[in-house]
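Here are the chains, one letter per residue:
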Amino acid sequence: MRRWTRLVLRFRWPIVAFWLAVLLVGGFAASRLSPLLSNTFTVPGTDSERARTILQDHFGDRSDGEFLVIYKIRDGNAAAVLPALERSLRNGAVGVPNARPTALRVANGRVVYGSILSSLNLADAKGYTDGILRRLRPPPGVNAYVSGQAAIQHDLDPIFSRDLRKGESIALPIALLVLLSVFGLSFATTMPFLFAAVTITGTLGVVYIAAHYMVMATYVTNLVQLIGLGIAIDYSLLVVYRFREELARGHAEEEAVLRTMETAGRAVIFSGATVAIGLALLLFMPLPFMRSMGVGGFLIPLVSIAAAATLQPVLLSLYGRRGTARVHVADWVRRQGIPLPHLAGPDDEHGMWARLAQAIMRRPLVFLVSGITVLVAVAIPAFGLQLTPGSAQGIPQTPQSVRGLNVLRAAVGPGALSPSQIVIDGGAANGVRRGDVRAAAGRMTERLRTDPEVAFVQAGRARRYVDPTGRYEQVIVAGKHEYGDEPAQRFVSRLRGSIIPLAGFPAGARVLAGGGPPQGVDFLKRSYGVFPWLVGAVLILTYLLLMRAFRSLLLPLKAVLLNLLSVAASYGMLVVVFRWGVGGSVAGLYQFPQVEGWIPIFLFAMLFGLSMDYEVFLVTRMRETWDEEHDNVRAVSFGLERTGRIITAAAIIMVAAFCGFVAGSIVGLQEFGLGLAVAIFVDATIVRALLVPALMAVFGRWNWWLPPRVARVLRVAPSPLAPRAALRPAGR
């Protein structure tokens, strides 16, 4: 690391120019990213995806590109205005390329609805929403709404942007105040924001390129900005704090930079690698939505590692002693007679964090049992976690697309937005026109109409239901609940398990259940089918990486297990707040019986990496002291004293950033933000401040043991088991 840093400092100005170019080009690309993003939940390799492909290729129908047009008649009845509404629907379809209107249906005498079918994907279709709404021109006494997935996504995009700005307005002032409390009045407070600016815009620039070749989720910008800000502040806090420490020891500026990068810089590299490993889990999920989020999540720590290894030492050298020096405002305030407390002690063994560590290590079992009891109690409600692939109830109800959906929901039920689409494959041209296939389709349709979940069934011999070759036929089934609700999920089980098999389709014919509810069930099943295996892979890779970073067999295992407890606690709080409604009304949160299916997976991926930041910062500093003094109590107390303040400051900023999402208006982001905030708070308080010192007191000299054979494999120096004499009494 020392040799690399010398090379970086030699080429400091070309490096500054490179990152300035990244800032400008990435910022330009990021400003044009939003139209390319969409939340599309396709599930490759499943029946629902095969049905979607057939509907797109043979019917010109994409459910994610379909617009649902709803008319609410204020005066008169539907029969009187039906011809005018048909013209209105045709006018609306003119504004969408290669689109065609369907026949209108009357719901309850005052609500009429129909669809505009298109072959556009969601990202392309959503841009036509306003044009359709303008072209409809309904007759007097009729209100028209344009709904459907594309229209709702179009109306939510500005809300996502507004929520992001709201989150930033909460997080950035708090971040500035916390940085001032740690750095004091100093130019050093600008370094985290410079670091964040180049890494976030650089990552979004790469995401912009990727969005031209793959579907990218709307949430990816929120994810990149959230992680980017957190990482930038974490790394800058650690590095600047260590740089000041080296300067205080009398080192020249360049030597201080070199020693900082050898120690704190190395910890940052390992920390970034653990974040990347956690988020890399998403890249291997068999779902495009999650993989797209994984691209953004995986890129931001990689770009941050690159910036930490190049830009960070350059900034330290440019800021230098004067740029990172603090104006001692607290001392000036004390001289005015105001009794501000001293958080730091007269030396490294008498500061607040050192005293806390020593107190814990004198009674480690008391703190260990108490802390684990609290975490387990918070985690137990996680067994009540119920998942949904999504819901229109957890979004703002003011956009016209959502109001239109509510009008239709009141008339025919919410399942009309994303109905099930059953595709019958006759096996050959005119296959669905055969008598035995038609008879089986009739039996299936009758069973569907008697199912308690079904609101209505649409079927027939028209062009919408049978493709021109006669090989494929579709039956549209609208449920009484939204596609992600539990009754809708249970209906899919009945549909696939009994309704279709008992219809008696002949050999050679195949029936595929697609559309909203089946796709949602496939999304959850496919996601959580591979999730445990990917979690296992992340745990193993993280353990191996930390074993090399800590040069210990036991400390990485402790870190992995405690992180799992933190994640479980965040899952438990999701149930307590959103399902049980405890405290939700005070914070203005939705009370919702289910958690969106992507949330637990993303929480694990993010938390496992971000929590390891603190573990790496803390334990690497403890390791330094152990290598120098071989004193377990001294290593733990000194490490906590030197990093406790940094970890607390970083956690406050991270929690503030996550609370920005909680203050938003989308239930998925509220759940995401709360889960992250709870886990980071728990991690920085109960885990790092209490459980880590307690466990290290219990493990004693075994903390630092790395046998020579393992060390050779990891290509690090061995760490033999220390003699018992190395463990002095905690009270000494």
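Counting starts from 1 at the beginning of each chain's written sequence and moves along it residue by residue. Note on the predicted model: pLDDT of at least 70 is required for a residue's local features to be given, and 80 or more for side-chain atom pairs to be given and counted; whole-chain, interface and lining totals, by contrast, use all residues. Hydrogen atoms and water are omitted, and side-chain values are computed over all heavy atoms in the structure.

A. Structural context of the side chain of Q421. Helix and strand assignments come from DSSP, with helices taken as H or I runs of at least 4 residues and strands as E runs of at least 2, each series counted from the N terminus. Relative to the elements of secondary structure, Q421 occurs in strand β7 (residues 420-425). Each residue is assigned to one of three classes by its accessible area relative to the maximum for its type, calculated with a 1.4 Å probe on protein chains only: buried under 20%, partly exposed between the two thresholds, exposed over 50%. Under the relative-accessibility criterion, Q421 is labelled buried at 5%. Within 3.5 Å is the distance limit for a polar contact, defined as a pair of N or O atoms, with the added protein rule that one can donate a hydrogen and the other accept it, and that residues adjacent in sequence qualify only through two side-chain atoms. Here the side chain of Q421 touches Q474 through a polar contact of 3.3 Å, side chain to side chain.

B. Summary view of the packing of helix α10 (residues 253-280) against helix α11 (residues 288-324). Here an axis means a line fitted to C-alpha atoms, over the contact stretch when the element is a helix, while the angle between two N-to-C directions is reported on a 0 to 180 degree scale. The interhelical angle for the contact between α10 and α11, taken along N-to-C directions, is 170°, at an axis separation of 9 Å. Viewed along their axes, α10 and α11 adopt a mutual orientation that is roughly antiparallel. When describing relative orientation, an angle under 35 degrees is termed roughly parallel and one over 145 degrees roughly antiparallel, while 65 to 115 degrees is termed roughly perpendicular and anything else oblique.

C. Main features of the pattern of salt bridges. Whenever Lys or Arg places a side-chain nitrogen within 4 Å of a carboxyl oxygen from Asp or Glu, that contact is recorded as a salt bridge. Scanning all chains against the criterion turns up 28 salt bridges. R621 is paired through a salt bridge with E245; the nearest N and O atoms lie 2.3 Å apart. Taken together, the positions of R621 in helix α21 (residues 598-629) and E245 in helix α9 (residues 220-248) put the pair 376 residues apart, joining distant regions of the chain. In this pair, the class of R621 matches that of E245, namely buried. The closest approach of N and O atoms between E615 and K558, which form a salt bridge, is 2.5 Å. Of this pair, E615 sits in helix α21 while K558 is found in helix α19 (residues 554-579), placing the two residues 57 residues apart along the sequence. One network of salt bridges, with partners in common, ties together R242, E245, E246, R249, R259, R621, E624 and R642.

D. Focus on the sheet that holds strand β9 (residues 472-479). DSSP bridges decide pairing: two strands pair if at least two such bridges lie between them. Taken together, the four strands give an open sheet; going across it, the order is β8-β9-β7-β10, and neighbouring strands pair in antiparallel fashion. Unpaired on one side and paired on the other, β8 (454-458) and β10 (510-515) mark the two borders of the sheet. Neighbour to neighbour, the strand axes of the sheet diverge by 20° on average, direction disregarded. For β7 and β9, the ladder comprises six bridges, and the chain directions are antiparallel.

E. Seen up close, the nonpolar core. Put simply, a nonpolar core is a bunch of buried Ala, Val, Leu, Ile, Met, Phe, Trp, Tyr and Cys residues held in one set by side-chain atoms that sit within 4.5 Å of each other. Counting 182 residues, the largest nonpolar core has L281, F604 and F672 as the members making the most contacts within it. Between two residues, a contact is recorded if the distance between any of their heavy atoms is within 4.5 Å. Apart from residues lying up to four places away in sequence, L281 is in contact with F531, L534, V535, V538, I601 and F604. Core analysis: the second largest hydrophobic core is formed by 23 residues, L104, A125, A144 and V146 among them.

F. View of the packing of aromatic side chains. What counts as a ring pair is set by centres within 6.5 Å for rings of Phe, Tyr and Trp (its six-membered ring), and what kind of pair is set by the plane angle: stacked under 30 degrees, edge-to-face over 60, tilted for all other angles. In this structure the tally under the stated criterion is 12 aromatic pairs. With a centroid separation of 6.4 Å and 75° between ring planes, the pair formed by Y235 and F617 is classed as edge-to-face. Taken together, the residues span a long stretch of sequence, with Y235 in helix α9 and F617 in helix α21 at a distance of 382 residues. Across the pair, exposure class does not vary: Y235 and F617 are buried alike.

G. Expanded view of helix α13 (residues 352-362). Looking at α13, one finds that the buried residues are W353, A354, A357, Q358, I360 and M361. One side of α13 holds all its buried residues, which, seen down the axis, span an arc of 160°. Close packing links the buried residues of α13 with α14 (364-379), α22 (632-662) and α23 (667-699). Regarding the arc, it is the one traced by the directions from the helix axis to the C-beta atoms.

H. Region of the structure containing the confidence of the model for the chain. The predictor attaches a confidence to each residue, called pLDDT, with possible values from 0 through 100. Considering every residue of the chain, the mean pLDDT works out to 85; 94% of them sit at 70 or more. Within the model, pLDDT remains below 50 along residues 344-348, and this stretch shows nine contacts once partners closer than five positions in the same chain are excluded.

I. Geometry of the packing of α21 against α23. Across the interface, α21 lies against α23 with an axial gap of 10 Å and an inter-helix angle of 30°. Of the possible angle classes, the one that applies to α21 and α23 is roughly parallel. Our pair here, α21 against α23, has a crossing hand that is right-handed. Across from W598, I599, F602, L603, M606, L607, L610, S611, Y614, E615, L618 and M622 in α21, the residues of α23 making contact are G668, L669, E671, F672, G675, L676, A679, I680, D683, R688, V692 and M696. Two helices that cross are described as forming a left-handed crossing if the nearer one is turned anticlockwise from the farther one by less than a right angle, and a right-handed crossing if clockwise.

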